Amino acid sequence: MSTRTLIRGGLVITAADETHADVLIEDGRIAAIAAHGSTVAQGWTADRVIDATDRYVIPGGVDAHTHMELPFGGTFASDTFETGTRAAAWGGTTTIVDFAVQSQGQPLRAGLDAWYAKADGQCAIDYGFHMILSDVNEGSLKEMDRLVEEGITSFKLFMAYPGVFYSDDGQILRAMQRAESNGGLIMMHAENGIAIDVLVEQALARGERDPRYHGEVRKALLEAEATHRAIQLARVAGAPLYVVHVSAEEALAELATARDKGLPVFGETCPQYLFLSTDNLAEPDFEGAKYVCSTPLRPKEHQAALWRGLRTNDLQVVSTDHCPFCFTGQKELGRGDFSKIPNGLPGVENRMDLLHQAVVDGHITRRRWIEIACATPARMFGLYPKKGTLAPGADADVVIYDPHAEQTVSAETHHMNVDYSAYEGKRLTGQVETVLSRGELVIEQRKFTGRAGHGGYVPRATCQYLG
Ligand code: URP
Ligand code: ZN
Ligand code: ZN
């Protein structure tokens, strides 16, 4: 039997509009939106009415970059699909796009099937997959076509991590050419990994072993150089390019130059690069290990450039690159050798709130918040308008957001399966109150009411973003 839900009295915010409106939900989808107090809205009846007075009503967040259970550095990211998607729901994210991994010497199919199996029946919210290519060869290039047809329409390549995920320029060019012909989108981890490995070896030989050296060897110039090279290879292939986790001002400048030429080049940054810095990596007693990720955190001065890039649309998306490793037992693998610290930070639960804080602080507008966190990631990865907006026919993935609530971020209260928070003690204005996923309440007045298995796999169309 279908349930009709009415969300009444809130400020409905999408990437395009802000309106005081009521939202009617039926059969898991948005049935209609009408001005609050209008004759149409007054005529609506429902089984369940949610009062959103003084609240924002926004689309559920779309986090296009997560790594649940990623094998890395001899261990696994500590969130499973169950714990990670539950935490995402708490933070107002209703769709994730996670990265299935091709192991070297294996077909893409094997990696993808392993990721389907990990996620199946576990998720509290909907999910899709990108595919990490770690072994570009004739076989995997052919498989890309099949995956695009199946709804895996984006492929991550690494210019970093030699011997693990790394592809050389020839492999990158071939994968880009394939994407040009099958409509896939290449996502690039742009860091010159070969040069970085030389600097790692030299740093360790000098006895530089603390986490802060992770930031020093992974130089901004090596992110910029790789970004430049990736852009030129994409131009040669005639393919669009999406650069993930941009952290350096110099890399952003490469994207801006390409975009000024009208090239289809896009960029993502993450909350950690907007709110954290090398000061965190330098925290004493190995605490800096909590902030080891790649690309690395940068000196504070880079933050202003990233905020500007988000305002000017030289950066289009904020994803989390959620890849948590516990401090105890996991980050500790790199005590005495920063190069052995598993790379990655937790954040899937914090993104919507941190970006709301950016609205409060005046970095971005409310509509830009929704654009970079919901609408554009949905468009970029072929999920729009099912996801990323509030409009008749869209999935009823809806967040009731209290913009005045005060909260302090802490590992004591978060829901991610990790023993620290990268934002411990940070005071934020605004908090997720209630979340619906396809019309079902998954968070109700800050209580988890969802269930593992509610979330379903969502095949994706090819990139719909033209901006
Ligand atoms: O440090 C990070 N980013 N870990 C996850 C893997 C990646 O490169 O995205
Ligand atoms: Zn990466
Ligand atoms: Zn990542």
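Right above here is the structure, for reference.
Below: a short report on this structure. The shown structure was predicted, so the numbers you read here are calculated from the model rather than taken from an experiment. (Residues numbered from 1 in each chain as written. Chains lettered and ligands numbered in written order. Predicted model: local features only at pLDDT ≥ 70, side-chain atom pairs only at ≥ 80, totals over all residues. Heavy atoms only, no water.)

## Quick notes on unusual backbone geometry
In most cases, non-glycine residues show a negative phi, while peptide bonds are predominantly trans. Of note, the bond from serine 294 into threonine 295 is cis; its omega dihedral lies within 30 degrees of zero at -5 degrees. Among the secondary structure elements, threonine 295 is positioned in the loop between helix H11 (278–281) and helix H12 (301–312). In this chain, tyrosine 384 is followed by proline 385 through a cis amide linkage whose omega measures 0 degrees. With respect to the helices and strands, proline 385 occurs in the loop between helix H14 (366–380) and strand S16 (398–408). The phi torsion at tyrosine 161 lies on the positive side, around 55 degrees, for a residue other than glycine. Residue placement: tyrosine 161 occurs in the loop between strand S11 (154–158) and helix H5 (169–182). Although it is not a glycine, aspartate 285 sits at a positive phi angle of roughly 60 degrees. (Helix = DSSP H or I, 4+ residues; strand = E, 2+ residues; numbered from the N terminus.)

## Section: empty space enclosed by the protein
On inspection of all chains with the given rule, the structure shows one cavity of 30 Å³ or more. If you add up the space inside the largest cavity, you get close to 100 Å³. Taken together, 15 residues make up the lining of the largest cavity; nearest its centre are His67, Leu70, Phe72, Tyr161 and Asp321. In the lining of the largest cavity, the residues fall into seven nonpolar, six polar and two charged. (1 Å grid on protein atoms, 1.4 Å probe; cavity = no way out; pocket = protein on both sides within 12 Å on 5 of 7 lines; lining within 4 Å. Points joined across faces, edges and corners; volume = space filled by probe spheres on them. Nonpolar A, V, L, I, M, F, W, Y, C, P; charged D, E, K, R; others polar.)

## Topic: the nonpolar core
In terms of nonpolar packing, the biggest core is built from 134 residues, with Met176, Ile186, Met188 and Trp369 touching the most fellow members. A total of eight residues in this core trace back to one element, the largest contributor, which is helix H8 (residues 220–237). Each of domain 1 (4–58 + 388–448) and domain 2 (60–380) contributes no fewer than three residues to this core. Residues contacting isoleucine 186, with those up to four places away along its chain left out, are Met144, Phe155, Leu157, Ala175, Met176, Ala179, Pro240, Leu241 and Tyr242. Core analysis: the second largest hydrophobic core is formed by 16 residues, Val12, Ile25, Ala396 and Val398 among them. (Core = buried A, V, L, I, M, F, W, Y, C linked by side-chain atoms within 4.5 Å. Buried < 20%, exposed > 50% of the residue type's maximum accessible area, 1.4 Å probe, protein only. Domains from an automatic or database assignment. Contact = heavy atoms within 4.5 Å.)

## Details of the side chain of glutamate 69
Here glutamate 69 shows up in the loop between strand S6 (61–66) and strand S7 (71–72). One buried charged residue, glutamate 69, forms no salt bridge at all, with the nearest opposite charge on lysine 118 at 4.1 Å. If we ignore the near neighbours within four places in the chain, the residues touching glutamate 69 are Phe76, Ala77, Asp79, Thr80, Phe81, Trp115 and Lys118. (Lys, Arg positive; Asp, Glu negative; His and termini not counted. Salt bridge = Lys/Arg side-chain N within 4 Å of Asp/Glu carboxyl O.)

## Description of the coordination of the zinc ion (ligand 2)
Looking at the zinc ion (ligand 2), one finds its protein donor set to be Lys156 (NZ), His189 (ND1) and His245 (NE2), positioned 2.1 to 2.2 Å from the metal centre. As a motif over one chain, the donors of the zinc ion (ligand 2) read K-x32-H-x55-H. Here the zinc ion (ligand 2) and the zinc ion (ligand 3) are spaced 3.9 Å apart. Here the residue lysine 156 occupies a position in strand S11, and histidine 245 occupies one in the loop between strand S13 (241–243) and helix H9 (249–260), the gap between them amounting to 89 residues. By relative accessible area, lysine 156 is classed as buried at 2%. Given the relative accessible area of 1%, histidine 245 is considered buried. (Donors = N, O, S within 2.8 Å, 3.2 Å for Na, K, Ca; no water.)

By themselves these figures say nothing about function.
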